[in-house]
Amino acid sequence: MIAATLQSLDPSVIGERLRIAREAKQITQKDAAAGIQVARTTLLAIEQGQRRVRIDEIQSLARLYGTSVNELLRHEAVHVDLVPRFRKLPNSSDPAAEAAAQLLSDLTRAEVELEALLGIERRRNYPPERPLRAGDVRVQAEQDALELRQRLGLGVAPVTDMVTLLEMELGIRVYVRPLESRISGVFAYDDAIGACILLNARHSKGRRNQTAGHELGHFISARNRPEVLHRDEGEMSREERYAGVFGRCFVTPSGAVRQKFQEVVAGSARLTRRHLIVLAHFFGVSREAIARRLEELKLVKTGMWQWFQDEGGITDDQVRQVLGDLATPSANSEDQMRPTTLRLSLLAAAAYGQGLLSEGQLARLLHLDRVELRRMFQDLEMLDDDVNAPPLLL
Amino acid sequence: MSTPLLSSFSSGGVRVLDASAVINLNATDCAHDILRALGDRIVVVDTVVDELAVGTRTSREDPAKLQDLVAASAIELVTLGQVGSEHFAALVAGRASETLDDGEAASIAFALESGGAVVIDERKANRICRERFPQLRLACTVDIFLHPAVGAALGRERLISAVLSALQRARMQVPVHHLASVVDLVGVEQAGRCPSLPRSVREPLRQK
């Protein structure tokens, strides 16, 4: 039986998959060979497809590489690794950045495999790339942001849910998962699999919207350069200045901010916490982001946000007092931390419902534990036997 | 549909728990009493231990709880032999729709190798077993809860509490043929608070 199983698979394909898995974990051939107690030349021969790997060897290698034998031997499994391109970045020595890049790579592979299994082709509606021109990048960033808004028919309306906009309107792959707090987001692009963005679920929805705007700017100006965005990272390079301004102009366009500011503060002699809370809610960004934007647009004095901070800041309780039921969940609440993205969840549910992948396969593929996965499916009502649901007419 | 565990257990042999069953039993906080009541050789394959230890972000306590059960001799850890490894290879290599993750495959492979029964809640795994190993005895976690020896050892109130914990904390799945028994046990009102039960059970009036 074993002969029939492993013999049916092309050894060069298995070897290539093993090499990619080893390199993803930055394990040398020497260490991998020692891990399964063979000579380095034997491991090399396995990776080059010149020697068939035995089941006990591939079990040991899977354990060493933090994957499963099934992921290595499943025909449809996707073996693209986005991580190596992140290693060329200046901040690549940061383990948190490496882990975030790895998670983005894994989730993207999962989505591509699910699309292939379900026979779904992802529709892309990417705007054209706008490489940086000579001159002030801030001017170009604002022009490009407003142009994209027009293209999407947004006018100056607020975009309170950037994740859905990026996923559903542009066809960018977006994932929201808990990362180390100092990481805001990760971006990568590959011609074959497209653009993908990972946002930190530990950050508030407003902050995630800003990060998504920044990463969108990166996608517009330099999509072939991957990025790990750190929290409170300065805008040192031209690319980063462009992405920062693009994000602010896309999420909080100057004309809309000026107009809404005048409406909100009408009749008041002073800027209060209530004003900032309402404006932040309207634009779907953090209180700090809207305060900084008001400063940038010279609608309030520079240092206004710091003044509020020195006076005790703006608490979540104060936000709830002003917004009531309209307030979004606090950062780090259970709802906030729940792994999301509409599309990946639906694809996973469809694959499970059709019996294409098991609970164990999906849990590993999506980096979820079994109970999280069950909760996700049950939230989608996919385990329900609702006989009254209307049939599709397609 | 799985073969009821009662008949599987009555013939003796090894009972192999998959990760899905371990997680459900751990949620009850009385897994030791439940397994002891069964009075059989209960095993978990080392691959399942690896699976439970990897890739969780929510700091679930399943690996530690499983180790406690092993230390208390309620569960025995086992490794696949030659025959089991061959079954394992056949279950993990190939098309996605015909393969399983390592833990699921190893649990089935050990049951095949040892002539025992496998306790696995996974629908796809059950389908593959029925098609490829019709002689293999299959059971699910609910079979364990409904075993008379477990009911006798825990008493009705503790049994209800254990089943509710598995349903609510571990989101245990209940096969269709066991739905009526589970609702009878926990009551209609409590069943309505279990998100892993089908809506037809949680909201019976709304469905009519």
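The notes below deal with the structure included here. Quantities reported herein were computed from a predicted structural model and do not represent experimental measurements.

Rules of the game
Residues numbered from 1 in each chain as written. Chains lettered and ligands numbered in written order. Predicted model: local features only at pLDDT ≥ 70, side-chain atom pairs only at ≥ 80, totals over all residues. Heavy atoms only, no water. Contact = heavy atoms within 4.5 Å. Salt bridge = Lys/Arg side-chain N within 4 Å of Asp/Glu carboxyl O. Polar contact = N/O pair within 3.5 Å; in protein donor to acceptor, adjacent residues only side chain to side chain. Nonpolar A, V, L, I, M, F, W, Y, C, P; charged D, E, K, R; others polar. Patch = residues over 30% accessible without salt bridge, like charges linked within 9 Å, V, L, I, M, F, W, Y side chains within 5 Å. Areas by Shrake-Rupley, 256 points an atom, 1.4 Å probe, with all protein chains shown as cover. Helix = DSSP H or I, 4+ residues; strand = E, 2+ residues; numbered from the N terminus. Expected span 1.5 Å × (residues − 1). Buried < 20%, exposed > 50% of the residue type's maximum accessible area, 1.4 Å probe, protein only. Arc of directions from axis to C-beta. Axes fitted to C-alpha atoms, helices over the stretch in contact; angles between N-to-C directions. Parallel < 35°, antiparallel > 145°, perpendicular 65-115°, else oblique. Left-handed = near helix turned anticlockwise from the far one by under 90°. Pairing = 2+ DSSP bridges.

### Comments concerning the interface of chain A and chain B
Logical step 1: Facing 45 residues of chain A, the contacting portion of chain B comprises 45 residues.
Logical step 2: The partner of R63(A) in a salt bridge is D50(B), and the shortest N-O contact between them spans 3.0 Å.
Logical step 3: Joining chain A to chain B, the criterion identifies 23 residue pairs in polar contact (both at pLDDT 80 or more).
Logical step 4: Of the residues contributing to the side of chain A that touches chain B, the split by class is 16 nonpolar, 13 polar and 16 charged.

### Thoughts on a nonpolar patch on the surface
Logical step 1: Judged by side-chain polarity, M168(A), L342(A), L346(A) and L380(A) come together as a nonpolar surface patch covering roughly 350 Å² of accessible area.
Logical step 2: The residue M168(A) is located in helix α10 (residues 162–170) in this model.

### Comments concerning helix α13 (residues 254–265) of chain A
Residues and elements named next belong to chain A.
Logical step 1: Under the 1.5 Å per step criterion, the end-to-end length of α13 is 16 Å for 12 residues, consistent within 8% with the ideal 16 Å.
Logical step 2: Listed in full, the buried residues belonging to α13 are S254, A256, V257, K260, F261 and V265. Viewed along the axis of α13, the buried residues span an arc of 155°, placing them on a single side of the element.
Logical step 3: The inward-facing, buried residues of α13 contact α9 (137–151), α14 (273–283) and α15 (287–296).
Logical step 4: G267 sits one or two positions beyond α13 and adopts a positive phi of about 85°.

### A short note on the packing of helix α19 (residues 342–353) of chain A against helix α20 (residues 359–366) of chain A
All names here are of chain A.
Logical step 1: As a packed pair, α19 and α20 sit with axes 10 Å apart at the nearest point and diverge in direction by 160°. Overall, the two elements α19 and α20 adopt an arrangement that is roughly antiparallel. Of the two elements, α19 crosses α20, and the hand of that crossing is right-handed. The residues of α20 that touch α19, namely those facing L344, A348 and Y352, are E359, L362 and L366.

### Some remarks on the sheet that holds strand β2 (residues 183–190) of chain A
Adjacent strands of a sheet pair through backbone hydrogen bonds, lying either parallel or antiparallel.
Residue and element names in this part refer to chain A.
Logical step 1: The sheet built from four strands is open, its strands ordered β1-β3-β2-β4 with mixed pairing. Across the chains shown, the open sheet's two edge strands, defined by having one partner strand only, are β1 (173–177) and β4 (227–230). Sheet twist, expressed as the mean angle between neighbouring strand axes with direction ignored, is 15°.
Logical step 2: Relative to strand β3 (residues 194–200), β1 runs parallel, the two being bridged by five bridges. Across the sheet, residue V174 finds its bridge partner in β3, namely I197.
Logical step 3: Along the sheet, helix α8 (residues 95–118) makes contact with β1, β2, β3 and β4, crossing β1 at roughly 125°.

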